[in-house]
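Descriptive analysis of the structure
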Amino acid sequence: MDNLELRKRANEVRKGIITAVHSAKAGHPGGSLSSADVFTYLYFEEMNIDPGNPGKEDRDRFVLSKGHNAPGLYSALANRGFFPVEDLTTLRKLGSYLQGHPCIHIPGVDMSSGSLGQGISAAVGMALGGKMDGKDFRVYTLLGDGEIQEGQVWEAAMFAGFRKLDNLCVIVDNNNLQIDGPIDQVCSPYPIDKKFQAFNFHVINVDAHDFDALRAAFGEARETKGMPTCIVLHSLKGKGVSFMENNVDWHGKAPNDQEYAVAMADLEKIDAELLKQETAGAEPGKAGEA
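Within every chain, residues take consecutive numbers counted from 1 along the sequence as written. With pLDDT at 70 or above as the cut-off, local features in this predicted model cover only qualifying residues; side-chain atom pairs require 80 or more to be listed or tallied, and sums for whole chains, interfaces and linings still use all residues. Excluding hydrogens and water, the side-chain values take into account all heavy atoms of the structure.

**Considering the packing of aromatic side chains**
Applied cut-off: Working definition: rings of Phe, Tyr and Trp (its six-membered ring) pair if their centres are within 6.5 Å, and the pair is stacked with planes under 30 degrees apart, edge-to-face with planes over 60 apart, and tilted otherwise. Going along the chain from the N terminus, every DSSP run of H or I of four or more residues is numbered as a helix, and every run of E of two or more is numbered as a strand. The classification of residues rests on relative accessible area computed with a 1.4 Å probe and restricted to protein chains. Under 20% of the type maximum is buried, over 50% is exposed, and intermediate values are partly exposed. Any Lys NZ or Arg CZ found within 6 Å of a ring centre and within 35 degrees of that ring's normal is scored as a charge over the ring.
Scanning the model with the defined rule gives eleven aromatic pairs in all. An angle of 75° between the planes, with centres 6.1 Å apart, marks the rings of Phe39 and Phe62 as edge-to-face. In this pair, Phe39 is assigned in helix H3 (residues 36-46) and Phe62 in strand E1 (residues 61-64), connecting sequence segments 23 residues apart. The burial state of Phe39 is the same as that of Phe62; both residues are buried. Judged by centre distance (5.3 Å) and plane angle (70°), the ring pair of Phe243 and Trp250 falls under edge-to-face. Residue Phe243 is classed as partly exposed on the basis of its relative accessible area, which comes to 23%. The structure contains a cluster of three or more aromatic residues connected by ring pairs, namely Phe39, Tyr43, Phe62 and Phe82. A cation over an aromatic ring shows up here: Lys253 above the ring of Trp250, its NZ or CZ 4.4 Å from the ring centre.

Here it is as structure tokens:
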């Protein structure tokens, strides 16, 4: 899939995030939007998955360790065909299978998650199990940069590095904002790359919104042997929606009707720009840029 097509897919994922959170009148749009490009790359290009057979034995596994960003995961899964896109409007509603944190009964979800710091441990266990069983699937897990303030993250990292789990790829969404403000003012985890390197990880720093960079990073991770990989995504919280970008207020609240209209108009502008580039045969550049 070329970059222009990935950018179009990512914009649909962003629309799904905004639609779901607005419909629920609750949720976490900021971090979901900053992760939308990596969700898109993982589910539309990187991972060995099959929407028609979500539980196939040799599939790659994904664990959303920052489980509150479920709207982003759900939108990617829906747009990839694991369940109807229309179901995104049932987010957090009574009786819906799409609740505020991912649950393993949802097609395409490999692990229930939400308690911060715990998802990476589950991913490490999956990777170890794959190694012990002689399987060649890969395991991916996405963490928030505020989440890595949790001590359990580093216990899991220590184990993964010691066990040389080169089938594990840890991804950190480094948008520099958590619910209480900038992460370096709350409880700084910096330098993130040096910390993971100290736990025997191969570390790659990458622009989270550049599909060429993402492609190169995940390719490098696959080729790295004898140690797990950590990809640090340098991202923009709220990416794609003008009033949400780099605004901590949108960590965990839903847009009202007027804000929803503005957000969707922003994303429609990106669609229009992508269509113009497609018509002109322009070389695709950075994801979501308009």
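Still more ground to cover, so stick around.
**Brief notes about unusual backbone geometry**
For the bond running from Tyr190 to Pro191, omega is -5°, close enough to zero to count as cis. Position of Pro191 relative to the elements: it lies in the loop between helix H7 (183-186) and helix H8 (192-198). We note that Lys164 has phi near 55°; this positive angle belongs to a residue other than glycine. Within the secondary structure, Lys164 is located in the loop between helix H6 (151-162) and strand E3 (168-174). For Asn246, which is not a glycine, the phi torsion comes out positive at approximately 55°. Tracing the backbone through its elements, the reader meets Asn246 in the loop between strand E7 (229-234) and helix H10 (257-280).

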